[in-house]
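Working through the structure, step by step
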Amino acid sequence: MTHRRPRPWTYSVALLVLLLCSCGGRSGLFGGRGAGPMDSGGADLVLADAGAADARGRDLLGPDRQGPAPDLGPVPAEWSVTFGGSGSNMVRALAAAGPDAVYVAGAYSGKASFGPHACASLGSYDIFLARLGKDGGFRWVLCGGSSGHDSGLDLALGPGGDLWLSGEFNGTATLGGVAFSSTGSSDLFLARVSPAGKVRWVVTGGGAGLDRGTTVAVDPATGVAFLAGSATLGASFGKHKVQASGLENSFFARVTAAGAFTWAVGAISDTWSRPVALGLSTGGALHVAGNFGDKVTLGGHVLKGTATAHGYLARLDSAGKVTWALAATGPQKTELTAMDTDASGALFVTGTYKGQMALGSLKAPGPSGTTLFDRTFVARFGPAGAGAWLLTDTSGDASGQGRVVRASPTSPATLYLLANASRSYSLGGHQIKDKGPFLARLTTAGKATWSRSLQPQDGKVMALDTAGGVYLAYEESLNNALRLYKLTP
């Protein structure tokens, strides 16, 4: 057989291919433009690892040399469950003690299914609290309420894996065999529930108007709980009373591990105010976030604005005294939607604004185009209220809203931001390529490291576990059901 020697030009082609492959690999490793969206499959894990390496490389570079963080595209759910009543349904809170202890709360109407467990509402809406395991299966469900409107609104984890559930109810309600009655149109409740679903106690508060327990936080060492909500005509919390102007007014209260109120304070507004989140810091300090109309008074601090809605941030000491307060204001509507704290006491807040915004000492500039669109923002503050950084988008006509921000329970801490956008979006130099809901991860220094598209899935509430799991829940508009799913980005 005659063997032909390779022609000289074939060596050149082979060498060129090798060089091109080598350059492409270097670009992907050091955060070049080659790291783009990929479909979710076997390559997804590899791409996630590449994203982590890219984040480490970015931290070593100056801000002017950092390329965009990678958009990792959609991520498949590890498990997903659908549940709820035959009527309307609302999901309001998630909490995760670990992969085998995930809790969800809200309200339902009609006949409801929670896996193998069934409930039937007594009134227009009833309360539900359910526990799921690491496979997404329902372990147990608590359903309760009255002949009126009742709902679970927030969850917090405390000592021994116990749960604190806050909400609203009307009339005489029952939960887990414990009965409690309202004094007005609706009252607030706070219940302590064991990991097995046993209701240990229920404490209530309120007055002649409409009152609700919007959010709750618990000291993990002592079981002392802090409750925030709104009251319309004044309210009583045990022997403690708060005044209200006849409109919706924020209140904050402290509850012992045994279910007794030790103090309650109110925030008076000329129009309205309501809290959206609580966060605990060392020494028993309480950080609160909320929104108000034209003016709100928190302790001796008066916050004012010129638009229809503004945000507030404040700190209360262990005795309920407001030590500082600041406002989020602008020429158009500004809204805080969520807040979280980390182990260092730092505050992280997200929401939406139009035009320009001043958030304490931090400024969000106006967009380069029209001012008709909502803008997502996420910001960090120190425990004393000093602004550290603020990320937002000011490019073009993209519209967005920050929904939830969570500081991870692992060390070192990272942030997870649940938000949505109407089109391609830029957040802190991170180009988010897909419109719709997305999940972004940031460092606590304000550097976006990646984002994940949630399409066609959505998210309204979010919880994190110590193993890196992310849990999202939302209301499906097409079939009137609730959906909860788990991701490990």
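Residues numbered from 1 in each chain as written. Predicted model: local features only at pLDDT ≥ 70, side-chain atom pairs only at ≥ 80, totals over all residues. Heavy atoms only, no water.

1. Some thoughts on the overall build of the chain
Each helix and strand counted, the chain has two helices and 40 strands in total. Looking at the chain as a whole, 53% of its 489 residues are labelled buried. Looking at the chain as shown, the accessible area adds up to about 20100 Å², and 55% of this sits on carbon and sulfur atoms. (Helix = DSSP H or I, 4+ residues; strand = E, 2+ residues; numbered from the N terminus. Buried < 20%, exposed > 50% of the residue type's maximum accessible area, 1.4 Å probe, protein only. Areas by Shrake-Rupley, 256 points an atom, 1.4 Å probe, with all protein chains shown as cover.)

2. Some details on the nonpolar core
With 23 residues, the main nonpolar core has F83, L94, V104, F114, L132, Y471 and L484 as its most contacted residues. Beyond its immediate sequence surroundings of up to four residues, L484 is in contact with W79, S80, V81, F83, L94, V104, L132, Y471, L472 and A473. If you look at the next biggest cluster of nonpolar residues, it comprises 21 residues, including A95, A101, Y103 and I127. (Core = buried A, V, L, I, M, F, W, Y, C linked by side-chain atoms within 4.5 Å. Contact = heavy atoms within 4.5 Å.)

3. A few points about unusual backbone geometry
One non-glycine residue with positive phi stands out, namely N480, at about 60 degrees. As for its position among the elements, N480 is in the loop between strand 39 (470–476) and strand 40 (481–487).

4. Comments concerning the side chain of T392
Relative to the helices and strands, T392 resides in strand 31 (residues 387–392). A residue is classified by how much of its surface remains accessible, and T392, at 16% relative accessible area, is buried. At a separation of 3.1 Å, a polar atom in the side chain of T392 contacts the side chain of Y353. A distance of 2.8 Å separates a polar atom in the side chain of T392 from the backbone oxygen of T376. (Polar contact = N/O pair within 3.5 Å; in protein donor to acceptor, adjacent residues only side chain to side chain.)

5. Structural notes on the packing of aromatic side chains
Counting across every chain of the model gives 18 aromatic pairs. Here F169 and F180 contribute two aromatic rings whose centre-to-centre distance is 4.9 Å and whose plane-to-plane angle is 80 degrees, an arrangement assigned as edge-to-face. With F169 in strand 9 (residues 163–169) and F180 in strand 11 (residues 178–181), this residue pair connects regions lying 11 residues apart in the sequence. Accessibility expressed as a relative area gives 6% for F180, which makes it buried. Taken together, the aromatic side chains of F83, Y108, F114, F128 and F138 make up a single cluster linked through ring pairs. Looking at R452, its charged tip hangs above the ring of W450, at a distance of 5.8 Å from the centre. (Phe/Tyr/Trp six-rings, centres within 6.5 Å; stacked < 30°, edge-to-face > 60°. Lys NZ or Arg CZ within 6 Å of the ring centre and 35° of its normal.)

6. Regarding the sheet that holds strand 21 (residues 286–292)
A sheet is described by the order of its strands in space; here six strands give the open sequence 20-21-24-25-28-29, paired in antiparallel fashion. Strands at the two margins of the open sheet, each flanked by one partner only, are strand 20 (273–280) and strand 29 (362–364). Averaged over neighbouring strand pairs, the angle between their axes works out to 20 degrees when direction is ignored. Sheet analysis places strand 25 (residues 322–329) next to strand 28 (residues 357–359), joined by two bridges and oriented antiparallel. If you follow A328 over to strand 28, its bridge partner there is L359. (Pairing = 2+ DSSP bridges. Axes fitted to C-alpha atoms, helices over the stretch in contact; angles between N-to-C directions.)

7. Comments concerning the confidence of the model for the chain
Averaged over every residue, the pLDDT of the chain is 83; the share at 70 or more is 82%. Within the model, pLDDT remains below 50 along residues 1–66, and this stretch shows 41 contacts once partners closer than five positions in the same chain are excluded. (pLDDT = per-residue confidence, 0-100.)

8. A few points about the pairing of strand 37 (residues 448–453)
Taking burial as the measure, the six residues of strand 37 include six buried ones, the bulk of the element. Pairing between strand 36 (residues 436–443) and strand 37: five bridges, direction antiparallel. Looking at strand 37, one finds that L439 is bridged to R452. Counting the residues in the hairpin turn of strand 36 and strand 37 gives four residues, including G446, whose phi is positive at 90 degrees.

9. Description of the sheet that holds strand 13 (residues 199–205)
Within the open sheet, the four strands sit side by side as 8-9-12-13. Their pairing is antiparallel. The sheet terminates laterally at strand 8 (151–157) and strand 13, the two strands that pair on one side only. Across the sheet, the mean angle separating the axes of adjacent strands is 20 degrees when strand polarity is ignored. Both strand 12 (residues 187–193) and strand 13 contribute to a ladder of six bridges, which runs antiparallel. Its bridge partner lying in strand 13, L190 is registered against V203.

10. Notes on the pairing of strand 20
A regular strand places its side chains on the two faces of the sheet in alternate fashion. The sheet contact formed by strand 20 and strand 21 spans seven bridges and is antiparallel. In the sheet register, L278 faces strand 21, and the bridge partner there is V288. Adjacent in sequence and paired antiparallel, strand 20 and strand 21 are bridged by five residues, among which G283 carries a positive phi angle near 80 degrees.

11. Quick word on the pattern of salt bridges
Applying the stated criterion across every chain, the model contains 11 salt bridges. Between D162 and R192 there is a salt bridge; the shortest N-O distance is 2.8 Å. Taken together, the residues D162 in the loop between strand 8 and strand 9 and R192 in strand 12 connect sequence positions 30 residues apart. Across this residue pair, the class does not change: D162 and R192 are buried. (Salt bridge = Lys/Arg side-chain N within 4 Å of Asp/Glu carboxyl O.)

12. Considering the environment of G106
Residue placement: G106 occurs in strand 3 (residues 101–108). A relative accessible area of 0% means that G106 is categorised as buried. The spatial distance from the C-alpha of G106 to the C-alpha of M90 is 5.4 Å, given a sequence separation of 16 residues. Apart from residues lying up to four places away in sequence, G106 is in contact with M90, V91, R92, D126, I127, F128, S151 and G152.

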